[in-house]
Amino acid sequence: MLRIFAVFILCTVVFCSCGQKTAQNTGENALTGVYPDSAQDRLENVDNDFSKGIWISQFDMKGIYLDKGRQRDKESFKALSEKVLGNVAKMGFDTVYFQVHPYGDSFYSSEYFPWSEYVCGEYSLSPSYDPFEVICDICKELGLSLHAWINPMRLQSLEKAKLLSDGSPYTRLLKNNSGEICSFEGRYYFDPSYENVRELIACVAEELARNYPIDGVHIDDYFYPTEEASFDKIGYERYKEEGGRAELGEFRRESVSLMVKEIYEAVKQVDKRLVFSISPAGNAKNVYESMYADIYRWCGEGGYCDLVIPQLYYGLRHEKFPFDKALASWEELCKGGRVKLIIGVTFSKIGLKEDIYAGTGRYEWAQDEDILAKSARCVADSECASGIAVFSYGYIVSNEAEAERKAFLKVLQEM
């Protein structure tokens, strides 16, 4: 499909074919592959209607992409990736959300964004092979459903952006200070109110869908990073000068919804069977009011996403938002059936000495070893949820999570 969009200002128009392809955790445990003996063999006759997913981030792959600061040789990368994804399959997961576009950079061969330093060691270098092709091949061999995970709005830090070449799709936008790129707390973000920005983001989703044998495209919770009006002042003033009357919050929510809809349409234009999923933070009200992501609209109307995976990273004794209450709120949101609901849980809080936002449940993660197992049972009993997803590989295989992991995987294999 020929997509025409303006990448740079001053009427610079780039004609591109999105169908063409051009040539938290330290991550150390990603190499160990720790899992209990009870999870060595995958279950037979798995219910395909219930998804068991896991996120694999760039941090989980630390030490796998690179060797001594440069891209690891292909055979070694393949062997280590087979170990990681083999562990995923042995633990009983059937779906992988694999990060390929975290900071306006690329872990795959992209026409639009530079190769990531996580893959090559430096932004100025190019790889000798495409690592995502290797990941795709391994997932196919293991029977794992693979979803390409992108962060559409978040870009490099201010310091890292200085290392980008003039060929980067947003280097000139930065230099011209035209509003398409905003900054907050030392990091750049795209402003989705600009049509050319949304078009560029959609092209990223489309090239992944078109060029790789994936099952879907996935975005997470990085929408607007602040409520401060100064963040996108240029874009909002432009909107008002053109006759716009919406207040700032409504303007931002409409901008994000347009971005989400265009990603969805780009993916579906390649193959209607591909899944577009979104993983917002767990408090829907806060997502709507503070991140300006209209999750109510996306779940209530068609044409925005197929699947929502809220991050219910709460304990069972959280004072204001315990896990079961959070689950019920999302069940209510998705009861119309327009989008499927999968529940996200995290191993990142295992052993946490104090969850300062949990009120009377602030010490729960340090005291209990069955929080996630009980949470998984809640999901299994849900009449609305059609799966569970775990953040993330590096955390679940860490030695600190051994007791929780064993209890959780036992429930997972019963689901």
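Residues numbered from 1 in each chain as written. Predicted model: local features only at pLDDT ≥ 70, side-chain atom pairs only at ≥ 80, totals over all residues. Heavy atoms only, no water.

Thoughts on the pairing of strand β14 (residues 340-346)
Most of β14 is tucked away: 6 of the 7 residues are buried. Regarding topology, helix α11 (residues 323-333) serves as the crossover connection from strand β13 (residues 307-308) to the parallel β14, and that connection is right-handed. As defined by bridge partners, β14 adjoins strand β15 (residues 385-391) across 5 bridges and the pair is classed as parallel. Pairing of G344 across the sheet is with A389, part of β15. (Buried < 20%, exposed > 50% of the residue type's maximum accessible area, 1.4 Å probe, protein only. Helix = DSSP H or I, 4+ residues; strand = E, 2+ residues; numbered from the N terminus. Right-handed = clockwise from strand over helix to strand, strands pointing away. Pairing = 2+ DSSP bridges.)

Here's the deal with the confidence of the model for the protein
Here the protein averages 89 in pLDDT, and 88% of its residues register 70 or above. With pLDDT under 50 throughout, residues 1-47 is counted as low confidence; its partners more than four residues away or in other chains account for 121 contacts. (pLDDT = per-residue confidence, 0-100. Contact = heavy atoms within 4.5 Å.)

With respect to the pattern of salt bridges
Throughout the structure, instances matching the rule amount to 20 salt bridges. For K162, the salt bridge identified is with E159, shortest N-O distance 3.2 Å. When sorted by exposure, K162 lands in the same class as E159, which is exposed. The salt bridge involving E332 is made with K335; its shortest N-O contact spans 2.7 Å. (Salt bridge = Lys/Arg side-chain N within 4 Å of Asp/Glu carboxyl O.)

Examining the pairing of strand β11 (residues 216-219)
Taking every second residue as pointing to the same face, both faces of β11 are buried, with G216 and H218 on one and V217 and I219 on the other. Where strand β7 (residues 145-150) lies against β11, 4 bridges are found, and the strand directions are parallel. The residue of β11 that forms the bridge with H147 is G216. Relative to strand β12 (residues 275-278), β11 is paired through 4 bridges, and the arrangement is parallel. Bridge pairing in β12 places G216 opposite V275.

Some remarks on the side chain of H101
Within the secondary structure, H101 sits in strand β6 (residues 95-101). For H101, a relative accessible area of 4% gives the class buried. Looking at H101, its side chain comes within polar contact range of the main-chain oxygen of D105, at 2.8 Å. Each residue touching H101, except ones within four places of it in the same chain, is listed here: F113, W149, I150, N151 and V204. (Polar contact = N/O pair within 3.5 Å; in protein donor to acceptor, adjacent residues only side chain to side chain.)

A short note on the packing of aromatic side chains
Under the criterion given, the structure shown has 24 aromatic pairs. With 5.6 Å between their ring centres and 85 degrees between their planes, Y224 and Y292 make a pair best called edge-to-face. Residue Y224 is found in the loop between β11 and α7 (233-241), and its partner Y292 is found in the loop between α9 (284-290) and α10 (295-300); the two are separated by 68 residues along the sequence. Summarising the aromatic geometry, the rings of Y239 and F251 are spaced 4.8 Å apart at their centres and angled 40 degrees between planes, so their arrangement reads as tilted. Placement of the pair is Y239 in helix α7 and F251 in helix α8 (residues 248-270), with a sequence separation of 12 residues. Taken together, the ring pairs in this structure connect F59, Y65, F77, Y103, F107, Y118 and Y129 into an aromatic cluster. Taking NZ or CZ as reference, R238 lies 4.1 Å from the ring centre of Y194, over its face. In this structure, K261 packs its charged tip against the face of Y304, placed 4.8 Å from the ring centre. (Phe/Tyr/Trp six-rings, centres within 6.5 Å; stacked < 30°, edge-to-face > 60°. Lys NZ or Arg CZ within 6 Å of the ring centre and 35° of its normal.)

Structural notes on the sheet that holds strand β8 (residues 154-157)
Taken together, the 3 strands give an open sheet; going across it, the order is β8-β10-β9, and neighbouring strands pair in antiparallel fashion. Strands with a single pairing partner mark the edges of an open sheet, and in this sheet they are β8 and β9 (181-184). The mean angle between the axes of side-by-side strands here comes to 30 degrees, regardless of whether they run parallel or antiparallel. Inspection of the sheet shows β8 paired to strand β10 (residues 187-190) by 2 bridges, in the antiparallel sense. What sits directly across from R154, in β10, is Y189. (Axes fitted to C-alpha atoms, helices over the stretch in contact; angles between N-to-C directions.)

Regarding α8
Taking 1.5 Å of rise per residue, the 23 residues of α8 would be expected to cover 33 Å, and the 34 Å separating its terminal C-alpha atoms lies within 8% of that figure. Where α8 begins, the side chain of E247 points an oxygen toward the backbone nitrogen of G249, at a separation of 2.8 Å. (Expected span 1.5 Å × (residues − 1).)

As for the packing of helix α1 (residues 74-90) against helix α3 (residues 131-142)
One can describe the packing of α1 onto α3 by two numbers: an axis separation of 10 Å at closest approach and a directional angle of 40 degrees. Taken together, the axes of α1 and α3 lie oblique to each other. Read as a crossing pair, α1 and α3 show a hand that is right-handed. Across the interface between the two elements, K74, F77, K78, S81, E82, L85 and G86 of α1 pack against P131, V134, I135, I138, C139, E141 and L142 of α3. (Parallel < 35°, antiparallel > 145°, perpendicular 65-115°, else oblique. Left-handed = near helix turned anticlockwise from the far one by under 90°.)

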